Amino acid sequence: MTAVRRTLTEPKIKKVLTSLLASKGFDALTVSDIASLAGINRSTFYMHYTDKYDLLQQLIANAAGDIAQILTGDVPFAKRLSAQDIFSREHLIAVFKYLRADFAFVFALVKSGNGQLFMNEVKHVTWRSIIGTAHAETSKAVSALRGLPDKYLCEIMFSPAFSVILLWLRDGGKDDPEAVAEAIESLQRIMYAE
């Protein structure tokens, strides 16, 4: 029974958080606001989250994990350091579809000043899914980059695409996702042409 209640409570909390992010911003909202609007007790909220920061972090981490899976799930380990393979048109369109499906939440994040936090988490989760393995091919590819620290490799590889995605979100997702995906893919080809 507890799992059923949790399954019903968490979407309500997320919906209320989305509404409050859009109307009040993150700093001004309180756990009491969330609990009241979700129709739950504060104690129920605290059964799921330690505070509003934990709630935000968990929701961001869930979305980041989903996006990382979209980008890297079917990319062979030997090609995981290739931005062109990760940011293929097919993967990017799937990311845009994912973002559109949860647009109210993601847009509220961006508008409340948490868009960069969200994209940074997406970058780091995606990077961990690429490099967080002991797979020999990936390790060899990283070593070939002459010891440049991971944080720089991650930025070099992901910033162009994720900056464009964040801009698309800031603009309200108005532009055609397929056209934006095609532009990112073209950019990747130009940047990584040998």
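Details of the structure are given in the entry above.
This write-up is about the structure you can find in this document. (Residues numbered from 1 in each chain as written. Predicted model: local features only at pLDDT ≥ 70, side-chain atom pairs only at ≥ 80, totals over all residues. Heavy atoms only, no water.)

## Details of the overall build of the chain
Across its full length, the chain holds ten helices and zero strands. Considering the chain as a whole, with its 194 residues, one finds that 42% of them fall into the buried category. Sequence-distant contacts in the chain: of pairs separated by 6 or more residues, those separated by 24 or more amount to 70%. (Helix = DSSP H or I, 4+ residues; strand = E, 2+ residues; numbered from the N terminus. Buried < 20%, exposed > 50% of the residue type's maximum accessible area, 1.4 Å probe, protein only. Contact = heavy atoms within 4.5 Å.)

## Digging into the packing of helix α7 (residues 103-131) against helix α9 (residues 150-170)
Two packed helices can be described by the angle between their axes and the distance between those axes. Put simply, α7 and α9 touch, their axes get as near as 9 Å, and they point 155 degrees apart. Regarding the angle of α7 to α9, the classification is roughly antiparallel. In the packing of α7 onto α9, the handedness of the crossing is right-handed. Per-class residue counts for the contact of α7 with α9 are 17 nonpolar, five polar and five charged. (Axes fitted to C-alpha atoms, helices over the stretch in contact; angles between N-to-C directions. Parallel < 35°, antiparallel > 145°, perpendicular 65-115°, else oblique. Left-handed = near helix turned anticlockwise from the far one by under 90°. Nonpolar A, V, L, I, M, F, W, Y, C, P; charged D, E, K, R; others polar.)

## Details of the side chain of Asn-114
Looking at where Asn-114 falls in the secondary structure, it is placed in helix α7. Taking the relative accessible area as the measure of exposure, Asn-114 reaches 11% and is therefore buried. Residue contacts for Asn-114: discarding those within four places in its chain leaves Phe-26, Leu-56 and Leu-109.

## Remarks on the packing of aromatic side chains
What the rule picks out here adds up to ten aromatic pairs. On the basis of an interplanar angle of 85 degrees and a centroid distance of 5.4 Å, the ring pair of Phe-87 and Phe-162 is categorised as edge-to-face. Here Phe-87 is found in the loop between α5 (83-86) and α6 (89-101), whereas its partner Phe-162 is found in helix α9, with 75 residues between them in sequence. With a centroid separation of 5.6 Å and 55 degrees between ring planes, the pair formed by Phe-158 and Phe-162 is classed as tilted. One end of the pair, Phe-158, and the other, Phe-162, are both in helix α9, four residues apart, so they sit about a helical turn from each other. Judged by relative accessible area, which is 0%, Phe-158 ranks as buried. One aromatic cluster is present, built from ring pairs that chain together Phe-87, Trp-127, Phe-158 and Phe-162. (Phe/Tyr/Trp six-rings, centres within 6.5 Å; stacked < 30°, edge-to-face > 60°.)

## Examining the pattern of salt bridges
Enumeration over the complete set of coordinates arrives at six salt bridges. The closest approach of N and O atoms between Lys-14 and Asp-102, which form a salt bridge, is 2.6 Å. In this pair, Lys-14 sits in helix α1 (residues 2-23) while Asp-102 sits in the loop between α6 and α7, placing the two residues 88 residues apart along the sequence. Judged by its relative accessible area of 24%, Lys-14 is partly exposed. Relative accessible area serves as the criterion here: at 19%, Asp-102 is assigned to the buried category. A salt bridge links Asp-33 to Lys-24, with the shortest nitrogen-to-oxygen separation between them at 2.7 Å. Here Lys-24 falls in the partly exposed class, since its relative accessible area comes to 39%. Connected through shared salt-bridge partners, Arg-89, Glu-178 and Glu-182 make up one network. (Salt bridge = Lys/Arg side-chain N within 4 Å of Asp/Glu carboxyl O.)

## Notes on the nonpolar core
Judged by nonpolar contacts, the single largest core of 57 residues is most densely connected at Leu-17, Ile-34, Phe-87, Leu-99, Phe-118, Ile-165 and Leu-169. For this core, the secondary structure elements donating two or more residues are α1, α2 (31-38), α4 (52-72), α5, α6, α7, α9 and α10 (177-191). The biggest single contributor to this core is α7, with 13 residues. Dropping the residues within four chain positions of it, Leu-99 is found in contact with Ile-67, Val-106, Phe-118, Ile-165, Trp-168 and Leu-169. (Core = buried A, V, L, I, M, F, W, Y, C linked by side-chain atoms within 4.5 Å.)

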